Amino acid sequence: MVKSLYTGVSGLKTHQQRMDVIGNNIANVNTVGYKTDVVTFADVYYQTKRSPSAATSTLGGVNPRQVGYGVKVNSVTANMTQSGFTFSDKTTDLAIDGEGFFQVMDGTGNIRYTRAGDFYIDDNGYLLNADGYHVLGITGATDGVQAGSEIIRIVVPDTNANVSSATKMVNGVNVTISVTAPSDYTDMSVSFQESEFPYATYANNILTVYFNPNKQYSSQEDFQNAVNAALQAGGINLPDDVEMEFEFEEIPNDPEAKAASNVVSDGFDFTTSQAYADFRRVVTNDTTGTTEYQYAKFAASNKEFTGNITLTGTGAAGAATEATYDGTNWTITIGEDATMTDINKAISTAVDKYNADNPNTPAEEISCTAWKPGKNLGEFMGEVTGAKAFKGASIAKPANGGFDLKVVQPGEFANAYRINFAYSSTMGTTKAVWDENTLTITVSDTSTIAEVNAAIVEAARGNEYKLLHFDNIEGLEYGDGYLSYEETYETDPKPTTSQYVTANPKTDDDNWNSGLRKEFFGGNPSVAPKDGEDSFFTQVAKKLSTFALEDGRTGSEQPLKSVTDLTIQNDGTIIGYHAVHGYMVFGRIDIALFDNPNGLAKVGGTNFAETVASGAPRLTVPGQDGAGVVLNGTLEMSNVDLADEFTNMITTQRGYQANSRVVTVSDTMLEELLNLKR
């Protein structure tokens, strides 16, 4: 009788315990990451009233007869099934989609496991849960690092001191512009503009450098100095008193500029239509420096004329001008007052006489094309007596004639030059005139290469870009000489120097007489230098544009607040952006797996502890080896099912009520037993 009383009491106790579990489940219906506990009962023990026996030949077998003595709680097991998710805007709210647990460490160093991912980052960069436990995994770089149980701390490295700089590909090489010292204020835009004179402006972190990119820079130092001169001219002091530096990668072996030049060997060939002969006398007064030219010029109608022309003077006042022709050579006797008309009339008379005497072989006609004896006819004629004007075959321009042109200043200006030539019939005229990039050179019958180069120097007026130099012009000699053979003497006591030049002798074909010069240079030939090349540094200078200098900074400790765009990826990797370091990996949250997660022990705070039943954890990277992935901005809800809990609560209540009736009935029966004594 008493035993049934205790059996009822055991039923009351177990159902009370189940009610405790149900109450706890319902209380945690909104607890993040909470796992529902499920209670199961088991009977306790039995008293055997009769043991079982086997069958005999006369009787059948007998079953055992047992009386039970109550109930006990068999198990209280957490339901580890995954629940639904709730979403938030908080980056450090995490949930595991799949198997596994987050690792957290309490203040005494014990590692706990949880599905609740409501984490936060403190001022020191530690990733913590709501109880201040450290979240575990890997700190720092994670590539190739196995899963672990380190305390995760987000650490931003100190910024190293660095100068602001920018690198661009210019003309096939990397050009780097930087400042000379670290600074937080030198991230700027540097723009280059063409200007004849150096200057610079600076405002609102925009530096504009005005310089001459057409100058031929021969070294990196030259280029550096040009830009520094612009900064100095503009009175620019850059922030923190830094200076600008330039670095050129892969400088070619020959960075120097090449001068433009031109050797004309064709395109100027010509043959004269006539043969020419010059007689010339130059008188220079040593005291006044004045120069007087006296000359006689003749032309043969046949350019193949091979004879000689000889001029003589009569030596008598009032003598007539006469000419004779022997079928090959001409001899002309000049009267004291002869004019060009008189000379040509005498030649004409000689032609008529010769043709009358030799009707089958007409004369080789000549004519006087210029005559300027001045007041010194006697002296002029006396000195040229017997002189040969020209002798030989054709006096055409040589087949390979032309001229060489070389430019002193290399680069773009040389390539842009245009050289024009002109002819002046006034002896002694040699001049050069610039019109922008076109040079016009005028020569006369007496011009030499030395005189041409001197005229160019005078026309350049100190502009180095216009200093041309001629090594040769076909038909013009170097030095002070004239067209051909010359003789110098001094007439005492007159302070004069006289030069007598014969006409073009056959032995001096490179010297052109007046007819050749007039025919060639009078045609205004022109040429442009070519093959000039800028220096390597000048080519870079011409293509410089805008450089955006960046990353300038002084070294300093960087706080966590300097990190932006912090996020946690599906594999648990923690990344963020820093203005100096760029995108960085700060660590990784690793997952713990258990062979028997139901063997974990609850220790409060939605945390579980490892037990011998659960086995040791297997650490893995989220998303690998069967582990779930980490969801960012998400929390796992409680998996409590209120419908189940309310149903269980009803059955528990009825079970408790029924067991209480067992106690009541047992008590009534005992009372009846006691009443038998009366």
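Residues numbered from 1 in each chain as written. Predicted model: local features only at pLDDT ≥ 70, side-chain atom pairs only at ≥ 80, totals over all residues. Heavy atoms only, no water.

Visitor: How do you make sense of the nonpolar core when you look at a structure like this?
Guide: Proteins that are soluble and globular tend to have nonpolar side chains buried together. By size, the foremost hydrophobic cluster in this structure holds 32 residues, and its most contacted members are Phe192, Leu207, Phe223 and Phe547. Looking at this core, the elements that each hand over two or more residues are β14 (165–170), β15 (173–179), β16 (189–194), β18 (206–211), α2 (220–233), β19 (244–248) and α8 (536–543). Per-element accounting of this core gives the leading share, five residues, to α2. (Core = buried A, V, L, I, M, F, W, Y, C linked by side-chain atoms within 4.5 Å. Buried < 20%, exposed > 50% of the residue type's maximum accessible area, 1.4 Å probe, protein only. Helix = DSSP H or I, 4+ residues; strand = E, 2+ residues; numbered from the N terminus.)

Visitor: Would you take a moment to explain the sheet that holds strand β43 (residues 629–632) for this structure?
Guide: What links the strands of a sheet is backbone hydrogen bonding, and the strands pair in either a parallel or an antiparallel sense. Taken together, three strands build an open sheet; the order of strands is β9-β6-β43 and the sheet is antiparallel. Among the strands making up the open sheet, the edge pair consists of β9 (117–118) and β43. Here strand β6 (residues 93–97) runs beside β43; their pairing, made up of four bridges, is antiparallel. Each residue of the ladder has a partner; that of aspartate 97, found in β43, is valine 629. (Pairing = 2+ DSSP bridges.)

Visitor: Where do I start with the packing of helix α1 (residues 2–27) against helix α9 (residues 642–675) in this structure?
Guide: Packed helices, taken two at a time, are described by their axes: the angle between them and the distance between them. Axis separation between α1 and α9 bottoms out at 8 Å; the angle between their running directions is 160 degrees. The pairing of α1 with α9 is recorded here as roughly antiparallel in orientation. Every pair of crossing elements has a handedness; the one defined by α1 and α9 is left-handed. (Axes fitted to C-alpha atoms, helices over the stretch in contact; angles between N-to-C directions. Parallel < 35°, antiparallel > 145°, perpendicular 65-115°, else oblique. Left-handed = near helix turned anticlockwise from the far one by under 90°.)

Visitor: Please clarify how the pattern of salt bridges should be interpreted in this entry.
Guide: Oppositely charged side chains may form a pair once their charged atoms are brought near each other. Tallied over the full model, the rule gives nine salt bridges. Note that glutamate 636 and arginine 115 form a salt bridge whose closest N and O atoms lie 2.9 Å from each other. Pair noted here: glutamate 636 is in strand β44 (residues 634–636) and arginine 115 is in the loop between β8 (111–114) and β9, with a separation of 521 residues, a long-range link. Residue classification places glutamate 636 among the buried residues on the basis of a relative accessible area of 0%. Look at arginine 115 and you get buried, because its relative accessible area is 4%. Each of the salt bridges in this network shares a partner with another, and the network as a whole consists of Lys35, Arg115 and Glu636. (Salt bridge = Lys/Arg side-chain N within 4 Å of Asp/Glu carboxyl O.)

Visitor: Just checking my understanding: could you explain a negative patch on the surface for this structure?
Guide: Among the surface-exposed residues, Asp184, Asp187, Asp240, Asp241, Glu550 and Asp551 lie close enough to one another that they form a single negatively charged patch. Within the secondary structure layout, aspartate 241 lies in the loop between α2 and β19. (Patch = residues over 30% accessible without salt bridge, like charges linked within 9 Å, V, L, I, M, F, W, Y side chains within 5 Å. Areas by Shrake-Rupley, 256 points an atom, 1.4 Å probe, with all protein chains shown as cover. Lys, Arg positive; Asp, Glu negative; His and termini not counted. Charge placed at Lys NZ, Arg CZ, Asp CG, Glu CD.)

Visitor: Would you explain the sheet that holds β19 in this entry?
Guide: Reading across the sheet, the three strands line up as β14-β15-β19 and stay open at both edges, with antiparallel pairing between neighbours. Pairing within the sheet leaves two strands with one partner each, and these edge strands are β14 and β19. Neighbour to neighbour, the strand axes of the sheet diverge by 20 degrees on average, direction disregarded.

Visitor: Is there a simple way to explain α2 in this structure?
Guide: An α-helical segment advances 3.6 residues per turn. Residues three or four places apart therefore align on the same side. Here α2 spans 20 Å end to end across 14 residues, near enough to the 20 Å set by a 1.5 Å rise per residue. For α2, every residue scored as buried is listed here: Phe223, Gln224, Ala226, Val227, Ala230 and Leu231. Across the axial projection of α2, the buried residues extend over an arc of 160 degrees, all falling on one side. Within α2, the exposed residues directed more than 90 degrees away from the buried face are Glu221 and Gln232. At its buried positions, α2 is contacted by β16, β17 (199–203), β18, β19 and α8. (Expected span 1.5 Å × (residues − 1). Arc of directions from axis to C-beta. Contact = heavy atoms within 4.5 Å.)

Visitor: It is not clear to me how the packing of aromatic side chains should be interpreted in this structure. Could you clarify?
Guide: Given two aromatic rings, one states the distance between the centres and the angle between the planes to describe the pair. Tallying each qualifying case throughout the model produces 21 aromatic pairs. Where phenylalanine 223 meets phenylalanine 248, the ring centres are 5.5 Å apart and the plane angle is 80 degrees; that geometry is what we call edge-to-face. Of this pair, phenylalanine 223 sits in helix α2 while phenylalanine 248 sits in strand β19, placing them 25 residues apart in sequence. Overall, phenylalanine 223 belongs to the buried group, its relative accessible area being 0%. Since its relative accessible area comes to 6%, phenylalanine 248 is described here as buried. Relative to phenylalanine 537, the ring of phenylalanine 248 has its centre 5.2 Å away and its plane inclined at 90 degrees; by these criteria the two rings are edge-to-face. Pair noted here: phenylalanine 248 is in strand β19 and phenylalanine 537 is in helix α8, with a separation of 289 residues, a long-range link. Across the pair, exposure class does not vary: phenylalanine 248 and phenylalanine 537 are buried alike. Put simply, the rings of Phe192, Phe211, Tyr217, Phe223, Phe246, Phe248, Phe536, Phe537 and Phe547 pair up and form one aromatic cluster. The ring of phenylalanine 547 is capped by lysine 168, whose NZ or CZ atom sits 5.3 Å from the centre of that ring. (Phe/Tyr/Trp six-rings, centres within 6.5 Å; stacked < 30°, edge-to-face > 60°. Lys NZ or Arg CZ within 6 Å of the ring centre and 35° of its normal.)

Visitor: Looking at this structure, I do not really get the environment of asparagine 415. What am I missing?
Guide: Position of asparagine 415 among the secondary structure elements: in helix α5 (residues 412–416). In this structure the C-alpha to C-alpha distance between asparagine 415 and alanine 528, which are 113 residues apart in sequence, comes to 7.5 Å. Setting aside anything within four residues of it in sequence, one finds asparagine 415 in contact with Ala260, Pro529, Lys530, Asp531, Gly532 and Glu533.

Visitor: Looking at this structure, how should I read the environment of proline 525?
Guide: Mapping proline 525 onto the fold places it in the loop between α7 (514–521) and β34 (526–527). As for proline 525 and phenylalanine 421, which are separated by 104 residues in sequence, their C-alpha atoms are 5.5 Å apart.

Visitor: How should the side chain of glutamine 558 be read in this particular structure?
Guide: Relative to the elements of secondary structure, glutamine 558 occurs in the loop between β35 (546–548) and β36 (563–568). Of the polar contacts made by the side chain of glutamine 558, one reaches the side chain of serine 556; its length is 3.0 Å. Polar contacts involving the side chain of glutamine 558 include one to the side chain of histidine 578, which spans 3.0 Å. Discounting residues that sit within four places of it in the chain, glutamine 558 has contacts with Val156, Pro157, Asp158, Thr159 and His578. (Polar contact = N/O pair within 3.5 Å; in protein donor to acceptor, adjacent residues only side chain to side chain.)

Visitor: Explain the pairing of β18 to me, please; I cannot follow it from the model alone.
Guide: Both β16 and β18 contribute to a ladder of six bridges, which runs parallel. Within the sheet, the bridge partner assigned to glutamine 193 lies in β18 and is tyrosine 210. As paired elements, β17 and β18 share five bridges and run antiparallel to each other. Within the sheet, the bridge partner assigned to alanine 203 lies in β18 and is isoleucine 206. The loop that links β17 with its antiparallel partner β18 comprises two residues; one of these, asparagine 204, has a positive phi angle of about 55 degrees.

Visitor: Is there a simple way to think about the confidence of the model for the protein in this case?
Guide: Where the model shows low pLDDT, its predicted coordinates should not be examined in detail. Per-chain confidence: the protein averages 84 in pLDDT, with 88% of residues scoring 70 or above. This model gives residues 387–396 a pLDDT under 50, and the stretch forms 47 contacts once residues within four places in sequence are excluded. The low-confidence segment residues 478–496 (pLDDT under 50) makes 58 contacts with residues lying over four places distant or belonging to another chain. (pLDDT = per-residue confidence, 0-100.)

Visitor: Looking at this structure, how should I read the side chain of asparagine 607?
Guide: By the secondary structure assignment, asparagine 607 is in strand β41 (residues 607–609). If sequence neighbours within four positions are ignored, asparagine 607 has contacts with Val104, Arg112, Tyr113, Thr114, Asn129, Asp131, Tyr133, Ala601 and Lys602.

Visitor: So what exactly am I meant to see when it comes to unusual backbone geometry here?
Guide: Among all residues save glycine, negative phi is the norm, and among peptide bonds the norm is trans. For glutamate 250, which is not a glycine, the phi torsion comes out positive at approximately 55 degrees. The topology assignment puts glutamate 250 in the loop between β19 and β20 (261–263). Relative accessible area serves as the criterion here: at 63%, glutamate 250 is assigned to the exposed category. Notably, threonine 606 is not glycine yet its phi reads approximately 55 degrees, a positive angle.

Visitor: Mind showing me how you'd approach helix α6 (residues 449–460) here?
Guide: Helix length check: α6 (12 residues) gives 17 Å between terminal C-alpha atoms against 16 Å at 1.5 Å per residue, within 8%. All buried positions along α6 are accounted for by Ile449, Val452, Asn453, Ala455, Ile456, Ala459 and Ala460. Buried residues of α6 fall within an arc of 155 degrees about the axis and therefore sit on the same side. Against β29 (431–435), β30 (438–443) and β31 (468–473) lie the buried residues of α6. Among the residues trailing α6, arginine 461 stands out with phi positive, at a value near 50 degrees.

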